[in-house]
Amino acid sequence: MKASVVCAVVSVVLASLASPGLAQLPGPNNAITDVPGIKVGHFTGNPLTGTTVVIAEKNGQGVAGGVSQRGGAPGTRETDLLKPENMVQIVNAFTLSGGSAYGLAAASGVMQCLEGQGMGFPVGGGNVVPIVPSAILFDPGRCGAPFTFRPNFNFGLAACSAAQTGPVPQGNVGAGAGAVSGSVKGGLGTASVVLSNGIIVGAIVAVNSVGSTFDDNGNLFAASLELGGEFGNLLPIKGGPPSNTSKPSAAPGGLLKNTTIAVVATNVELTKTQATKIAQMADDGLARAIKPTHTPFDGDTVFAVGTARISMASLLPTFGDPSVVEYVIGGAAADTLSRAVVHAILSAESTACEKSYCDTFPNACSNGKKGGQK
Amino acid sequence: MSRDRRSCSAACAAVVVTLLLIVSSSSAQTPGPLNAITDVPGIKVGNFTLGDPNSGTAITGTTVVVYPPGATGGVSQRGGAPGTRETDLLRPENMVEKVNAVTLSGGSAYGLAAADGVMLCLEGQGAGFPVGPGQVVPIVPSAILFDPGRCAPFAVRPNFSFGMAACQAAQTGPVQQGNVGAGAGARSGGVKGGLGTASTLLTTGAGNGIIIGAIVAVNSSGRTFDNNGNLFAEFLELGNEFPLAAPAGTDVVPPSTLLQNTTIAVIATNATLTKAQATKVAQMADDGLARAIKPSHGVGDGDTIFVMATGTDGRDATNLVNTIGSNAADTLSRAVVHAILAAQSINSSACVVKSYCDTFPGKCAK
């Protein structure tokens with residue numbers, strides 16, 4: 001009886017969510033920073049590699065996070081800590097970095113930066129241990145760069161010090177600077193969506209995938225998820241790329257040198273368990289935007305965090321059950337992550353070694369708009 | 001009905017036979033020549049300690065277990081407050097199979113930086129997962145324990161340089177125990193914790209020639225001894241390795257800090273294991289902590305056990321996983337006892353903590 005009531009409530013809520021009258025639009029910056037309590041900082045190296053830091057806080061304190069780690073070649077820090085049964089309930093920041101496993105060093109710089117701001121898990125005497133789960137992607141040695149040039153402690157310190165709210169640079173910046181995706185230049189992308197009831201969901205991703213973000217004709221898999229003309233009115237491609245633009249035949253990164261890493265955020269108060277579920281659902285956004293994903297050669301890792309500006313209790317009169325809130329946020333997080341992937345690909349710029357998507361398929365991007373942020 | 005019973009009894013008989021086989025195939029054991037993880041051929045250990053391990057001034061440090069060619073890795077992470085690197089990589093379904101080193105470090109999560117130094121050290125030796133001509137990415141899973149602020153300012157903790165120094169100091173041969181490396185600043189249930197190691201050589205049966213070593217930094221909220229001061233894992237002694245006298249008495253042991261701990265360990269073996277088998281061995285080895293420390297795997301303990309299987313014993317070890325896991329647990333328990341017995345009291349202006357042997361002097365009289 002009780003179950004059927006819950007089911008009825010869920011059905012009504014889900015039906016109302018599906019109704020076309022419930023328009024979803026990107027937030028003002030169409031960026032993860034549209035989620036209150038989220039700051040983003042990049043540090044970009046030359047040659048191209050870099051670090052992106054996502055800081056999450058409420059009143060200077062950390063908030064609950066989770067992770068989905070499904071790619072086959074991960075490089076990570078502090079993902080054990082994120083398991084729901086483990087003690088520490090908060091995260092202060094996430095580090096996304098190039099440099100393969102060497103790039104995990106950037107997180108140490110982020111920790112020092114946050115310690116200086118007094119942000120971290122309190123351990124007594126005014127001391128804190130910043131909680132900074134981190135993941136890396138493979139980019140060292142690309143395009144003639146020395147293999148030994150990769151993000152280190154200083155990259156993390158600089159990216160963290162540069163973190164701010166507001167618009168987020170995309171393309172060949174931060175953790176996406178040296179990224180490659182399938183046969184074209186990868187990069188960093190971000191997106192956001194504002195749902196009913198004030199729920200905001202944002203995503204940021206560094207796309208460095210074995211798989212491709214577009215089909216054999218060059219049409220982006222996630223193009224249909226566009227919100228509010230954000231992709232700059234991409235033109236459908238028929239019959240493949242024009243004959244004067246040859247699509248590279250093989251992934252320039254090589255099979256062993258990839259990984260797509262992301263953070264999704266919401267302004268809703270979450271537990272670690274709920275954040276974990278949302279990370280798992282968000283991970284499907286990679287599957288819809290990149291094909292194949294989560295291969296043995298991708299260390300694909302998606303972090304999730306809730307900044308607790310809206311209490312879970314305040315949403316229950318509308319949604320009935322916390323699981324429904326998770327369902328709504330998780331679904332939105334997946335779509336937002338897919339859109340962030342598209343933004344990354346559209347914002348990426350050609351280098352001496354890899355063509356961007358827009359330079360590979362100029363007729364798709366022929367309106368000159370490269371999509372993304374206003 | 002009778003058929004069911006018959007098949008059941010036949011199955012039971014098969015189980016009994018199987019168990020007898022397992023029991024009869026379980027090997028006799030002896031410690032290796034060094035009674036250290038370095039008894040596993042090719043395994044090197046390096047410590048870097050801030051302060052002097054021998055004069056009671058050690059503050060914190062880093063311990064590295066190195067096998068440059070790469071050993072098949074596994075992990076069991078069951079403590080409630082872990083600080084780790086590269087444990088996702090160790091899951092059996094993930095691509096990279098070999099680890100080049102494991103870093104154990106003080107410093108709480110800040111101490112994860114030590115692994116950066118270990119990576120650079122190993123890259124300089126050409127040790128790592130090959131990603132191109134002359135290019136490697138050293139695979140260095142790592143875990144930390146909480147020790148900052150105990151006998152020195154909170155900002156004093158292992159960094160890049162600690163890992164580099166520990167890696168450069170790595171060698172085969174005897175391993176220093178007590179207030180050294182990752183065990184330098186460790187505490188355990190109200191007494192001084194420390195670094196301990198042990199090894200087991202299987203000398204009979206199917207496992208004859210298999211060597212299992214353990215190294216552990218004991219920094220536990222739980223105690224390694226009962227209310228009378230008797231060590232929980234005393235009964236696992238091999239070859240008079242514990243210099244312990246009769247019952248100890250009822251000395252007062254100060255309470256332990258509950259939420260700032262963590263015991264971290266590495267098991268090494270010369271057996272050939274898959275990642276999945278190494279993971280199983282890590283899970284079984286973790287029971288060695290449970291037998292030596294009570295409680296263990298607490299909310300404030302980030303207890304984490306790594307396994308490195310070097311494979312220099314080339315036999316298919318599929319039927320030896322149980323034997324190796326069981327002996328790994330016992331070896332780890334013994335390493336915990338060595339850590340506690342080797343730990344030295346600290347009595348400085350900054351901090352005072354008694355060792356087990358200074359707490360129960362009658363017990364350590366031998």
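Here the residue index of a chain counts from 1 through its sequence in written order. Labels are handed out in written order, letters beginning with A for the chains and numbers beginning with 1 for the ligands. This being a predicted model, a pLDDT of at least 70 is required before a residue's local features are given, and a value of 80 or more before pairs of side-chain atoms are given or counted; all residues contribute to the totals for chains, interfaces and linings. As a rule here, side-chain values come from all non-hydrogen atoms in the structure, and water together with hydrogens is ignored.

A run of H or I in DSSP counts as a helix once it spans at least four residues, and a run of E counts as a strand once it spans at least two, with each numbered from the N terminus. When you go through chain B residue by residue, the secondary structure sums to six helices and 16 strands. The rule is simple: take the accessible area with a 1.4 Å probe, protein chains only, and divide by the maximum for that residue type; under 20% is buried, over 50% is exposed, in between is partly exposed. The proportion of buried residues among the 366 residues of chain B is 61%. Of the contacts made within chain B by residues no fewer than 6 positions apart, 80% connect residues no fewer than 24 positions apart. All accessible-area figures derive from a Shrake-Rupley calculation using a 1.4 Å probe, and residue coverage is judged against the displayed protein chains alone. In the structure as shown, chain B presents an accessible area of about 13,000 Å², 57% of it carried by carbon and sulfur atoms. By definition, residues are in contact when any of their heavy atoms lie within 4.5 Å.

This paragraph deals with the layout of surface pockets. Note on definitions: the grid is 1 Å and covers protein atoms alone; a cavity is a set of points where a 1.4 Å probe fits but cannot get out; a pocket is an open set with protein on both sides within 12 Å along at least five of seven lines; lining residues have an atom within 4 Å of a point. Grid points are joined across faces, edges and corners, and a volume is the space filled by probe spheres set on the points. Quantified by volume, the largest pocket comes out at close to 450 Å³. As for the largest pocket, its lining consists of 22 residues, of which A:Ala105, A:Ser108, A:Phe153, B:Asp116 and B:Phe160 are closest to the centre. In this classification, Asp, Glu, Lys and Arg are treated as charged, Ala, Val, Leu, Ile, Met, Phe, Trp, Tyr, Cys and Pro as nonpolar, and every other residue, Gly included, as polar. Of the residues assigned to the lining of the largest pocket, the class counts are 14 nonpolar, five polar and three charged.

Residues and elements named next belong to chain B. For this document, the term salt bridge refers to a Lys or Arg side-chain nitrogen within 4 Å of an Asp or Glu carboxyl oxygen. Counting across every chain of the model gives 14 salt bridges over all chains. Between glutamate 241 and arginine 334 there is a salt bridge whose closest N-O contact spans 2.5 Å. Remark: arginine 334 occurs in helix H5 (residues 321-342) and glutamate 241 occurs in the loop between strand E12 (211-218) and strand E13 (264-269); sequence separation between them is 93 residues. Owing to a relative accessible area of 1%, arginine 334 belongs among the buried residues under this scheme. It is possible to trace a salt-bridge network through shared partners that takes in Asp88, Arg91 and Glu93.

All names here are of chain A. Spatially, E3-E14-E13-E12-E11 is the arrangement adopted by the five strands of the open sheet, whose pairing is mixed. In this open sheet, the two edge strands, each paired with only one partner strand, are strand E3 (65-69) and strand E11 (187-194). Each strand axis lies, on average, 15° off the axis of its neighbour in the sheet, ignoring direction. Note on geometry: axes are C-alpha line fits, over the in-contact stretch for helices, and angles between N-to-C directions span 0 to 180 degrees. Where helix H4 (residues 272-289) meets the sheet, its contacts fall on E3, strand E12 (200-207), strand E13 (261-268) and strand E14 (301-310), and the angle it forms with E3 comes to roughly 40°. Pairing between two strands is assigned when DSSP locates at least 2 bridges connecting them.

It is worth spelling out the packing of helix H4 (residues 275-292) of chain B against H5(B) at this point. All names here are of chain B. It is the contact of H4 with H5, at a shortest axis distance of 7 Å, that shows an interaxial angle of 35°. The crossing of H4 and H5 is right-handed. Contacts from Gln277, Lys280, Val281, Met284, Ala285, Asp287, Gly288, Leu289, Arg291 and Ala292 in H4 reach Val321, Asn322, Ile324, Gly325, Ser326, Ala328, Ala329, Asp330, Leu332, Ser333 and Val336 in H5. Tallied by class, residues from the contact of H4 with H5 come to eleven nonpolar, six polar and four charged. Rotating anticlockwise by less than a right angle from the far helix to the near helix defines a left-handed crossing, while the corresponding clockwise rotation defines a right-handed one.

Time to look at the state of the cysteines. Residue and element names in this part refer to chain A. Note on terminology: disulfide denotes any pair of cysteine sulfur atoms within 2.5 Å. Across all of its chains, the model carries six disulfides over all chains by this definition. Paired by a disulfide, cysteine 113 and cysteine 160 hold their sulfur atoms 2.0 Å apart. Across the S-S bond linking cysteine 113 and cysteine 160, the dihedral sits near -70°, which makes this disulfide left-handed. Note that cysteine 113 is positioned in helix H2 (residues 106-116) and cysteine 160 in helix H3 (residues 153-161), a separation of 47 residues in sequence. Judged by relative accessible area, which is 9%, cysteine 113 ranks as buried.

Pairs were defined over the aromatic rings of Phe, Tyr and Trp, the Trp ring being its six-membered one, requiring ring centres within 6.5 Å. Orientation was assigned from the angle between planes: stacked under 30 degrees, edge-to-face over 60, tilted for the rest. For the structure shown, the criterion picks out twelve aromatic pairs over all chains. A centroid spacing of 4.9 Å and a plane angle of 80° characterise the contact between A:Phe43 and A:Phe155, whose relative ring orientation is edge-to-face. Of this pair, A:Phe43 sits in strand E1 (residues 38-44) while A:Phe155 sits in helix H3, placing them 112 residues apart in sequence. With centroids separated by 5.2 Å and ring planes inclined at 70°, the aromatic side chains of B:Phe225 and B:Phe360 adopt a geometry described as edge-to-face. In this pair, B:Phe225 is assigned in the loop between E12 and E13 and B:Phe360 in the segment after helix H6 (356-359), connecting sequence segments 135 residues apart. A relative accessible area of 1% means that B:Phe360 is categorised as buried. Taken together, the ring pairs in this structure connect A:Phe43, A:Phe149 and A:Phe155 into an aromatic cluster. Sitting over the ring of B:Tyr110, B:Arg157 keeps its end group 3.4 Å from the ring centre. The rule for a charge over a ring is simple: NZ of Lys or CZ of Arg within 6 Å of the ring centre, and within 35 degrees of the ring normal.

Turning our eyes to something else, we now look at the pairing of E13(B). Residue and element names in this part refer to chain B. Of all six residues in E13, six are buried, a share of seventy percent or more. A two-sided burial pattern is seen for E13, the buried positions comprising Ile264, Val266 and Ala268 on one face and Ala265, Ile267 and Thr269 on the other. Sheet topology note: the E13/strand E14 (residues 304-309) ladder contains six bridges and is parallel. Across the sheet, residue alanine 265 finds its bridge partner in E14, namely isoleucine 305. Look down the strands so they point away from you; if going from the first strand over the helix to the second traces a clockwise path, that crossover is right-handed. With H4 bridging E13 and its parallel neighbour E14, the resulting β-α-β unit is right-handed.

The next subject is the environment of A:Val184. Residue and element names in this part refer to chain A. As for its position among the elements, valine 184 is in strand E10 (residues 184-185). Residue valine 184 is classed as buried on the basis of its relative accessible area, which comes to 0%. Sequence separation between valine 184 and leucine 195 is eleven residues, and the spatial gap between their C-alpha atoms is 33 Å. In contact with valine 184, other than residues within four places in its own chain, are Phe214, Lys355, Ser356, Tyr357 and Thr360.

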